[in-house]
Amino acid sequence: MIKNYFKIAVRHFWRYRGFTLINGLGLMIGMAACIVLAIYVRYEASYDRFFPNYERIYRVVTDDAAGGELERSAVTAAPVAPFLLETLPDVEAATRLFKGSFEFERGTTVFQEKQVFFADSTVFDVLGMTLIQGDPTTALDNPFSVVMTPAAAGRYFGDEDPVGQTLRINREVDAMVTGVLMPLTANAHLDIQILGSMSSVEAMQSWLFTNWVSAQFYTYIRVRPGTDATALSARMNSGLQQRAATIERETAWAFKLALEPLSEIYLTSDRTQQAGPIGSASMMSILGLIGFFILLLACVNFINLSTARAAERVREVGVRKAVGARREQVAAQFLIESMLLSFCSLLLAMGIVWLSLPAFAAYLGKPLVVGGGELPWMLGMVAFLWLVVGIAAGSYPAFYLARFKPALVIKGKHGSEKGRMRRALVVLQFTISITLVAATAVIFSQIEYVNAFDPGFRRQHMVAIPFGEDTAIRQQLDAVKASLLQQPGVEGVTASSESPAASLRDGNWLMTVETADGTMIETAMTHLLVDAQFLDVYEIDIVAGRGFSEEFVSDSSGALVINEAAAAQLGFQRPEQAVGRRFDAWPSGGVIIGVVRSFNFRSLHEAIQPLALRVIPEQVAVLTLRLSTGDLESTLAGVETVWRSFGSRRPFTYTFLDEAGAAQYTSERRLGQTLAGFSALAIFIACLGLLGLMAFSAERRTKEIGIRKILGASVAQIARLLTRELLSLVLVASVVATPIAYLLTDVWLGQFAYRLPGAATQYLLAGVLALLIAVLTVGAQAVTIALRDPVDSLRYE
């Protein structure tokens, strides 16, 4: 019996190979897209789940309400970890990480290491990190001890054994390598290349370890089995209440602690000062839905074409039933056909996945693989996909065809199929496709909008050169700036603690400021530390007072420039009212000398925040050069020559500010590009369905077309007859898709404080584009059919 089912299925596929090809191609593309996206979503969801006991590990984070502005940061003060260990029995172990960028040197080899963490020796216990060489119980006990990954060790020691050797840090202290660290996997929210002892930080900045206000440490705790995180969080803040109240009374710094599960940090944390790049749970949801919808489109194609051919197969069904076939046997025949086509499509889809996955992984920068430990999951997913698609796509056609009564079928009275189901499914297909196209258009337009948005400072032909702890540059900074100004193509040079294009994340500094009514209030504000040339080089407009100047000695210690947002926060109706007001903050107080136009020092996801600019020369770490539009390559070569002439031995690196600004929207850009690719697949699959339905419609109306042509119908009239219904369905889908696309993209646009004006145009264009593609798809085929010789049409049958 089963053998006969397969024989009939193969004969049917061969006889109607055009429809088989369309169905199989749609299923193949839908399955391949679904599998690729499933692999990616699974990888993103797997972050930090390789840590032993990850389900019992939490990161302690801070909600800082200083100055009335809530800042949700990923860091805590140093005393938090020991406090929790002492006061909460449910906390089994705790560790702290301190991140920084440091210059490491061995002989003539110098690197500015950006992924340097200092940690308590308990880090191996809490996070389960291991050493390839060295003893984890003692490796981080002593000050200025470091462990490093094989890749980091290779930069300095080559093939030599690094253990026991020393490295110079910031040209100030020597650190001994006490172990070789097993690298964390790529799906970790921490990227640790060099790990130093926390006692090193304590030796250099001991005040941090008794200070409850300076939050600079990543704190992780492991709780006992069965601990309720919500209850623990409440007890944690309850225990801190008295201490927090004292801190708030003394410093006006109000804070609370919160817990983040380790496995949720990467996808769901939206806090500032993250230890590394984070992902997006919303993006994963979107991509997961896209994969589902593309597969749904392929299944809809199958259902549409199968039911469309019902009239072709009802006589077959009638004969089968007349000779004794039961309804379930007829349904089984069609289900087996569906399962067989689904299986063949799946084999081809796996080939596409195998060929395309490396390129997709390279584009995303993720090590996506199919084999290894992922193979059992992969095989299970493929089997599940085959069963679901085969049954889901085949069930409706099977039971639809199996319901016909043999007596009526043989008499040709099986009923008139009005195609309501087919029409609804075509509308569904193009509704999904148009929604995806509209979403893609909106995302790309928003990215283009934010890239073109005037941030309030110059970004074009601006180059940022970090020097950090490079003492050769820092100790001769004024001479370096003067020499760079002499270089052809360099129009201006300034130094600052950060570049505004890098999205300032310094956190809030507490300060006391005089308000409009003359009272001094405690507030908190993001600080940008600059030199006297900063405002001129960045071309930031001054709206009241003046900017910094080297002619005023007091500017280097007692002057403050604020932005318009800060003036408004302090209660001043007009910017000029803030000029001359007193302030007091580390390291000294003074007066506000000017107000600048508010500029975007963070991404356009956020509204402009209050900002204070101060001249503190010892805190600057980045040089920014304003270049002319001439030969940038030779200008930068000259800049590097000057840089080297001052004895800097670290790699010369630079960033164009317009590129740094665009990099803030990398995840959105990738989402848009990924969405564009899969939207194209969705449209292609939907058009395959139209193509199949068009061919079927023409086949059923062959004789009618011949008669109409003999009676004088033109090619245009015949083409309009064939395409009218299908194109009207696409038009209906456009109307349905517009509000859906609006609701979905409006949620996505809500993450931007500055959003694309006139997004409605994108929805209209998406509908027009889909309609145009549908016209080209079915129109070309309709014209071909209409041009056939009517004599051939009349000989049909």
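Here's what I pulled together on the structure shown here. By convention here, each chain's residues receive numbers from 1 onward along its written sequence. Selection of residues for local features in this predicted model requires a pLDDT of at least 70, selection of side-chain atom pairs for listing and counting requires 80 or more, and totals for whole chains, interfaces and linings are taken over all residues. Only hydrogens and water are set aside when side-chain values are computed; all heavy atoms of the structure are taken into account.

**Remarks on the overall build of the protein**
- In terms of regular secondary structure, the protein is built from 26 helices and 23 strands.
- When the accessible area of the protein is evaluated, it comes to approximately 34,800 Å², of which 59% is carbon and sulfur surface. To qualify as a helix, a DSSP run of H or I must reach at least 4 residues; to qualify as a strand, a run of E must reach at least 2; elements of each kind are numbered from the N terminus. Shrake-Rupley sampling with a 1.4 Å probe provides the accessible areas, and residues are treated as covered by the protein chains on show and by no other component.

**Some details on the pairing of strand S8 (residues 166–169)**
- With a 1.4 Å probe rolled over the protein chains alone, any residue whose accessible area is under 20% of its type maximum counts as buried; one over 50% counts as exposed, and the rest are partly exposed. Side chains Leu167 and Ile169 of S8 all project onto a buried face; the interleaved residues Thr166 and Arg168 project onto a face where none is buried.
- DSSP-based pairing: two strands are paired if at least 2 bridges between them are found. Of the strand pairs in this sheet, strand S4 (residues 91–106) and S8 are connected by two bridges, and their pairing is antiparallel. Looking at the pairing, Glu105 lines up with Arg168 of S8.
- One ladder, built from four bridges, connects S8 with strand S9 (residues 173–181); its direction is antiparallel.

**Details of the pattern of salt bridges**
- Should a side-chain nitrogen of Lys or Arg be within 4 Å of a carboxyl oxygen of Asp or Glu, the pair is scored as a salt bridge. Enumeration according to the criterion identifies 25 salt bridges in this entry.
- In this structure, Arg96 engages Asp120 in a salt bridge whose closest nitrogen and oxygen atoms are separated by 2.9 Å. Here Arg96 is found in strand S4, whereas its partner Asp120 is found in the loop between strand S5 (109–119) and helix H4 (123–126), with 24 residues between them in sequence.
- Salt bridges sharing partners connect three or more residues here, namely Arg59, Asp63, Arg72, Glu260, Asp270 and Arg271.

**A word on the side chain of Ser200**
- Here Ser200 lies in helix H6 (residues 198–204).
- Residues adjacent in sequence count toward polar contacts only when both atoms are side-chain atoms; beyond that, a polar contact is any pair of N or O atoms within 3.5 Å, and within protein one must be able to donate a hydrogen and the other to accept it. Within polar-contact distance, the side chain of Ser200 engages the side chain of Ser197 at 2.8 Å.
- In this view, Ser200 contacts Phe118, Pro143, Phe144 and Ser145; residues no more than four positions away in its chain are not counted. For this analysis, residues touch if any pair of their heavy atoms sits within 4.5 Å.

**Quick word on a nonpolar patch on the surface**
- Patches draw on residues past 30% relative accessible area with no salt bridge. Two like charges within 9 Å are joined, as are two nonpolar side chains (Val, Leu, Ile, Met, Phe, Trp, Tyr) within 5 Å. A cluster of nonpolar side chains, namely Val732, Val736, Ile740 and Leu744, defines an oily patch on the protein surface of about 310 Å² accessible area.
- Mapped onto the secondary structure, Val736 falls in helix H24 (residues 715–749).
- Given a relative accessible area of 36%, Val736 falls into the partly exposed group.

**Remarks on the pairing of S4**
- Counting buried residues along S4, 12 of its 16 residues qualify, which places the element largely inside the surrounding structure.
- Summarising the sheet, S4 and strand S11 (residues 215–223) pair through six bridges and their orientation is antiparallel. The residue of S11 that forms the bridge with Val91 is Val223.
- Pairing analysis gives nine bridges linking S4 to S5, with the strands arranged antiparallel.

**What to know about the nonpolar core**
- For the purposes of this section, nonpolar cores are sets of buried Ala, Val, Leu, Ile, Met, Phe, Trp, Tyr and Cys residues that join through side-chain atoms within 4.5 Å. Within the largest apolar cluster, 81 residues are counted, with the highest numbers of intra-cluster contacts made by Ile35, Tyr40, Leu287, Ile290, Leu368, Leu385 and Phe430.
- Leave out the neighbours within four places in its chain, and Tyr40 touches Met283, Met284, Leu287, Phe360, Leu364, Lys366 and Leu368.
- Formed by 29 residues, the second largest nonpolar core is a distinct cluster that contains Ala93, Leu97, Met129 and Leu190.

**Details of helix H5 (residues 150–157)**
- Buried within H5 are the following residues: Ala152, Ala153, Tyr156 and Phe157. With its buried residues spanning 110 degrees around the axis, H5 presents them on a single face.
- The elements touched by buried residues of H5 are S4, S5, strand S7 (145–148), S8, S9 and strand S10 (194–197).
- Immediately downstream of H5, the backbone of Gly158 shows phi near 60 degrees, a positive value. To be clear, the arc concerns the directions from the helix axis to the C-beta atoms.

Geometry only, nothing functional implied.
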